[in-house]
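# Secondary and tertiary structure notes
Here are the chains, one letter per residue:
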2 protein chains.
Amino acid sequence: MKLINGGVTAAQGFTASGIHCGIRRNTSKNDLSLIFSSVPCTAAAVYTTNLVKGAPLTVTKAHIADGKAQAVICNSGNANTCNADGIEIAEGMAALTADALGIDPADVVVASTGVIGQPLSLEPIKNGMGELVSKLSEDGGLEAALGIMTTDTIPKEVAAEFELGGKTCRIGGIAKGSGMIHPNMATMLVFITTDAAISPDMLQKALSGDIQSTFNMISIDGDTSTNDMVTVLANGTAGNAEITCEGEDFTAFMKALNTVTVGLCRMIAGDGEGATKLLECRVTGAQTPDIAKTVAKSVICSSLLKAAMFGADANWGRVLCAIGYSGAAVDVNKIDVSFKSAKGEILVCKDGAGVEFSEEKAKEILLEKEIEILVALNDGDHDSVAWGCDLTYDYVKINGDYRT
Amino acid sequence: MKLINGGVTAAQGFTASGIHCGIRRNTSKNDLSLIFSSVPCTAAAVYTTNLVKGAPLTVTKAHIADGKAQAVICNSGNANTCNADGIEIAEGMAALTADALGIDPADVVVASTGVIGQPLSLEPIKNGMGELVSKLSEDGGLEAALGIMTTDTIPKEVAAEFELGGKTCRIGGIAKGSGMIHPNMATMLVFITTDAAISPDMLQKALSGDIQSTFNMISIDGDTSTNDMVTVLANGTAGNAEITCEGEDFTAFMKALNTVTVGLCRMIAGDGEGATKLLECRVTGAQTPDIAKTVAKSVICSSLLKAAMFGADANWGRVLCAIGYSGAAVDVNKIDVSFKSAKGEILVCKDGAGVEFSEEKAKEILLEKEIEILVALNDGDHDSVAWGCDLTYDYVKINGDYRT
């Protein structure tokens, strides 16, 4: 398996496009994206656990119920959530898309992201549909990635190539960050496509399993969005024998999927609102998988630690503090903490107490753009990784320099 | 009952002082505070639930186990937490204090606040003890309030006068904010003194009951400190018949205590790190008290809502979003949301959906320093209030203007 260029059009048989149709006032930003498979796909999805759900989720859930889909329509600039006519508008988006593509509206995945509680008009979508469909192309993945961005500063695409029974398969995805992101089932919008052949049940199983250690392990700001979803479309054009049960092929597919999702997680976390750094908390030696996850998430969610990381301050007391209030049953006196980056690794806490270390070396390590926070619980065999970002500026103006 | 000036020396028989002894490098900041009662007191306390606990908490817990105390010694600039010799140092602080005051070390409450994991030397405390004791005064409450500050921008004192059986009693307190503050049992450092006579059991009952709706309902940044505690000393010099059971006197005492604690809560939240506004979320019509609290806390903890409040942006979708992911069982379609301040009140969401409102009027209301977020669940009879603050600047540079 290897990483390749591209995103949702890396896999065979998929085209995509993105345009500015007028939902956003800023005409230089795309606000409508389309992903299309030349043949019907197996489809799977996971959704936000927020009780307040965007209307597009309800519609998508109904459309994907049969395990099939062929296109994704997604707008940015308006979440179509908490609107009285939300379902009607989301169904309208599906109908306009299906009509233009000559497919069944029930085979369209609908997504929206942006402001909650403002009416979304179908007018600009209707007016832009012709252009959107005419621009569908194998090179259109980037335009689609641009069209789903909100406060993201970079488009997010990842793709990989792998083999199933001697057939070359591809899988790729795009994601939208970068606020209202917190580990609690699926987070944010992610669309993944693959040309591998896989049954709906196994596709859903792959996705539902994967997100537990990927998208559910990100936090930007502790706010779980109303419109989150991750969907995967698999069109089978790679020609592999359809995956219908666990086994070697399913394992290979899971690995490829995980490569794409971890890549997107890192991009989402590193581009969190206001972020200057990607934080990766690696917990080892936990008694249970849940303890490992709870500890990793708690560390990555700590505003104070995030602020310290912005200030490149090796304030490991905040790591211990976040572990202590996580609710996980840990033995504080066994915990070791190290910071690591491209500049090296430094141990700052051993057996729950501080050790002498070079502040200069720690600063050098923490000034990098990607920081690993290594937490060894020394209490068992289970590991976990969580991703987040630093908290920048004025909250930090106080906290980033708190220790010195 | 009425509010009066002062803090921990408002009640009869209490003196206090605060000095710079050298724990902090900045010589213009007090870093050591003392509170003393001329006669032994009934004492009660509540502590952080963080598994990582400061050594002073362990020592204080042991000292208060008999329901008695006579003095409080507290330093800022160093939390004396995650230090191998922490207990020894905390006991040393108690011994130095007891020695200088001529009381039993086991009657000294010890507290520390500041950086975690740096050794605390007894040297500056030993050297400063003479001056600290010599400065004990009935006017020393403010100096003591200054000595426990960390990133607080204002000292926090509240006091009240009330009657018990015809006797005038007083109660007052001081608090330290302003980061690592999140509702989870007692939060931050609060020292309360009263001249009312009350048994240890009833004092503990009063305090443990009160914090459920006061200190546990604040959040600045979601981080529960390792060193939080709230203590109350009652010296009985007011001459009232000792409160030993529930009844009229206990109710009057609870009311006075609540006046002081709510006052301190509002000061702590309004002076949160980087804050420009006090946020008060008032939830009404919940099916259960727990639902009311969960909803109020979730709203007050939302980084996105806090950022919107800094930007005076009536982005009520973020209120609904935070209610939706709170975990509380609510009927989204019954929820009304209003914003209120000294400039008026405005309804922004009715039955879970947006209503038309004047953005101009909303902006005028939200530009005030104290904002009430009114959430009517319309689903029962239970209410709750939570306090927080806005999230300022760069996270906000993105989110404060997100909607427009």
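Keep in mind that this is a model prediction, so the values were computed, not measured.

Basis of the calculations
- Residues numbered from 1 in each chain as written.
- Chains lettered and ligands numbered in written order.
- Predicted model: local features only at pLDDT ≥ 70, side-chain atom pairs only at ≥ 80, totals over all residues.
- Heavy atoms only, no water.
- Core = buried A, V, L, I, M, F, W, Y, C linked by side-chain atoms within 4.5 Å.
- Buried < 20%, exposed > 50% of the residue type's maximum accessible area, 1.4 Å probe, protein only.
- Helix = DSSP H or I, 4+ residues; strand = E, 2+ residues; numbered from the N terminus.
- Contact = heavy atoms within 4.5 Å.
- pLDDT = per-residue confidence, 0-100.
- Salt bridge = Lys/Arg side-chain N within 4 Å of Asp/Glu carboxyl O.
- Pairing = 2+ DSSP bridges.
- Axes fitted to C-alpha atoms, helices over the stretch in contact; angles between N-to-C directions.
- Expected span 1.5 Å × (residues − 1).
- Arc of directions from axis to C-beta.

Attention now goes to the nonpolar core. Among the nonpolar cores identified, the biggest contains 81 residues, and Phe339(A) and Val375(A) are the most heavily contacted of them. Top contributing element to this core by residue count: helix 6 (residues 248–270) of chain A, with 9 residues. Leaving out residues up to four positions away in the same chain, Phe339(A) has contacts with Met309(A), Ala314(A), Trp316(A), Val319(A), Gly344(A), Glu345(A), Ile346(A), Val348(A), Ile365(A), Leu366(A), Glu372(A) and Ile373(A). Counting residues in each nonpolar core, the second largest holds 80 residues, with Ile116(A), Ala196(B), Val330(B) and Ile373(B) among its members.

Take the confidence of the model for chain A next. Residues and elements named next belong to chain A. Mean pLDDT for chain A: 88, with 93% of residues reaching 70 or above. Contacts for the low-pLDDT stretch residues 183–187, under 50 throughout, to residues beyond four places or in other chains number 24 contacts. In the predicted complex, the global pTM is 0.76; the interface-specific ipTM is 0.72.

Right, let's get into the pattern of salt bridges. It is possible for side chains of opposite charge to pair when their charged atoms get near one another. Going through the model one piece at a time under the given rule, you end up with 22 salt bridges over all chains. Between Lys361(A) and Glu364(A) there is a salt bridge, with its nearest N and O atoms 3.8 Å apart. One end of the pair, Lys361(A), and the other, Glu364(A), are both in helix 10 (residues 359–366), 3 residues apart, so they sit about a helical turn from each other. Overall, the relative accessible area of 29% leaves Lys361(A) in the partly exposed class. You can call Glu364(A) partly exposed: its relative accessible area is 37%. The shortest N-O distance in the salt bridge between Glu161(B) and Arg170(B) comes to 2.8 Å.

With that settled, consider the sheet that holds strand 15 (residues 382–389) of chain A. Residues and elements named next belong to chain A. Spatial ordering of the open sheet is given by 13-12-11-14-10-15, a layout of 6 strands whose pairing is mixed. What marks the edges here is a single partner per strand, and that holds for strand 13 (353–354) and strand 15. This element, helix 10, spans strand 11 (336–341), strand 12 (344–350) and strand 14 (370–376) of the sheet and lies at about 120 degrees to strand 12.

The next point concerns helix 5 (residues 200–211) of chain B. All names here are of chain B. Along its 12 residues, helix 5 runs 17 Å from first to last C-alpha, staying within 8% of the 16 Å computed at 1.5 Å per residue. Listed as buried for helix 5 are Met202, Leu203, Ala206, Leu207, Asp210 and Ile211. The arc that holds the buried residues of helix 5, viewed along the axis, is 155 degrees, so those residues lie on one side. The secondary structure elements touched by the buried residues of helix 5 are strand 3 (32–47), strand 9 (229–234) and helix 6 (248–270).

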